[in-house]
Amino acid sequence: TVIEKIMELRALSKSVIISVDGGIKVGIARQCAKAGADILVAGSAILRSEDEEMAVEALQADIET
């Protein structure tokens, strides 16, 4: 899975920047961040939502928990 790949990459290097693009939504964002991802690209999760600002806030809250 993507989470396993992020963990493998992070184990190889603490200094490499890991970016995940695609499939980022609430719940997945937290898992990716905890696994070691540095950058999360969440286009559809934001742009397809009814309230883009709320979608961004929800993703930020998810990562911070």
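Above this text you will find the structure in question.
Residues numbered from 1 in each chain as written. Predicted model: local features only at pLDDT ≥ 70, side-chain atom pairs only at ≥ 80, totals over all residues. Heavy atoms only, no water.

Asks: Hey, could you run me through the nonpolar core in this one?
Replies: By size, the foremost hydrophobic cluster in this structure holds 10 residues: Ile-6, Ile-18, Val-20, Ile-24, Ala-29, Cys-32, Ala-35, Ala-37, Ala-42 and Leu-59. If one sorts the elements of this core by residue count, helix H2 (residues 28–35) sits on top with three residues. The contacts of Ile-18, once residues within four sequence positions are left out, are Ile-6, Leu-9, Arg-10, Gly-36, Ala-37, Asp-38 and Ile-39. (Core = buried A, V, L, I, M, F, W, Y, C linked by side-chain atoms within 4.5 Å. Buried < 20%, exposed > 50% of the residue type's maximum accessible area, 1.4 Å probe, protein only. Helix = DSSP H or I, 4+ residues; strand = E, 2+ residues; numbered from the N terminus. Contact = heavy atoms within 4.5 Å.)

Asks: Help me understand the packing of helix H1 (residues 2–12) against H2 in this model?
Replies: Axis angle and axis distance: for two packed helices, these are the angle between their axes and the distance between the axes, and together they describe the pair. Packing of H1 against H2 brings their axes to within 8 Å, and their N-to-C directions diverge by 20°. By the criterion of interaxial angle, the relationship of H1 to H2 is roughly parallel. In the crossing of H1 with H2, the sense of the turn from one axis to the other is right-handed. Mapping the contact onto sequence places Ile-3, Ile-6, Met-7 and Arg-10 in H1 and Gln-31, Cys-32 and Ala-35 in H2. The class makeup of the residues in the contact of H1 with H2 is five nonpolar, one polar and one charged. (Axes fitted to C-alpha atoms, helices over the stretch in contact; angles between N-to-C directions. Parallel < 35°, antiparallel > 145°, perpendicular 65-115°, else oblique. Left-handed = near helix turned anticlockwise from the far one by under 90°. Nonpolar A, V, L, I, M, F, W, Y, C, P; charged D, E, K, R; others polar.)

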